[in-house]
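Chain by chain, the residues run as shown.
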Amino acid sequence: MTVKNFEKAAKALTEKGARVFFDAMSLNQGQVELVRGHNEQYDLIVWDGFGRAYVNADGSVKKEKLLGVGESMMLGKLYEVNRMEKFDVKL
């Protein structure tokens, strides 16, 4: 899904009464890969590139983990998110 299509679909969510805010968007060759956002009820809402929504109701970090890539290490924050279809964005 392109950024323009994603934003258009998100506006449709607002019109249905599910107001959402985008905080960060990851792209790959002009296509949306991941979007991080929130609304008044949830501190964290994540959408995948297909517009499927996942939420973390309490917004807290569940755990930190060292993520290894070859000889490099990265400290990652992992959130537990659950599927929430009412926030899906669709064309």
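Reference entry: report on the structure contained in this document. Being a predicted model, the structure only gives us computed values, none of them experimental.

**Focus: the packing of aromatic side chains**
And then number 1: Evaluation of the coordinates by the stated rule reveals four aromatic pairs.
And then number 2: Seen from their ring centres, F6 and F22 are 5.4 Å apart, and the 50 degrees between their planes marks the pair as tilted. Here F6 is found in helix α1 (residues 3–15), whereas its partner F22 is found in strand β1 (residues 21–28), with 16 residues between them in sequence.
And then number 3: For F22, a relative accessible area of 30% corresponds to the partly exposed category.
And then number 4: Judged by centre distance (6.3 Å) and plane angle (85 degrees), the rings of F6 and W47 are edge-to-face. Here F6, found in helix α1, pairs with W47, found in strand β3 (residues 44–48); they are 41 residues apart in sequence, far enough to count as distant. Exposure class is identical for F6 and W47. Each is buried.
And then number 5: Taken together through their ring pairs, the aromatic side chains of F6, F22 and W47 make up a single cluster.
And then number 6: The ring of Y54 carries R83 above its face, with NZ or CZ at 5.5 Å from the centroid.

**Focus: α1**
And then number 1: Between its first and last C-alpha, α1 extends 19 Å over 13 residues, near the 18 Å set by a 1.5 Å rise per residue.
And then number 2: Restricting attention to buried positions, one finds in α1 the residues F6, A9, A10 and L13. Taken end-on, α1 shows its buried residues confined to a sector of 105 degrees, consistent with a single buried face. The exposed set on the far side of α1, more than 90 degrees from its buried face, consists of K4, K8, K11 and E15.
And then number 3: In this structure, the buried residues of α1 make contact with β1, β2 (31–38) and β3.
And then number 4: Backbone geometry just downstream of α1 places G17 in the positive-phi region, at approximately 100 degrees.

**Structural notes on the pairing of β2**
Sheet faces and side chains relate simply in a regular strand, where the side chains alternate between the two faces.
And then number 1: Sheet topology places β1 next to β2; seven bridges connect them, and they run antiparallel. If you follow S26 over to β2, its bridge partner there is L34.
And then number 2: In textbook terms, the turn of a hairpin is the stretch between consecutive antiparallel strands, and for β1 and β2 this stretch comprises two residues, one of which, Q29, has a positive phi near 55 degrees.
And then number 3: Both β2 and β3 contribute to a ladder of four bridges, which runs antiparallel. Bridging from a neighbouring strand, G37 pairs with I45 of β3.
And then number 4: Counted between consecutive antiparallel strands, the loop separating β2 from β3 contains five residues.

Reading the values: rules and limits
- Residues numbered from 1 in each chain as written.
- Predicted model: local features only at pLDDT ≥ 70, side-chain atom pairs only at ≥ 80, totals over all residues.
- Heavy atoms only, no water.
- Phe/Tyr/Trp six-rings, centres within 6.5 Å; stacked < 30°, edge-to-face > 60°.
- Helix = DSSP H or I, 4+ residues; strand = E, 2+ residues; numbered from the N terminus.
- Buried < 20%, exposed > 50% of the residue type's maximum accessible area, 1.4 Å probe, protein only.
- Lys NZ or Arg CZ within 6 Å of the ring centre and 35° of its normal.
- Expected span 1.5 Å × (residues − 1).
- Arc of directions from axis to C-beta.
- Contact = heavy atoms within 4.5 Å.
- Pairing = 2+ DSSP bridges.

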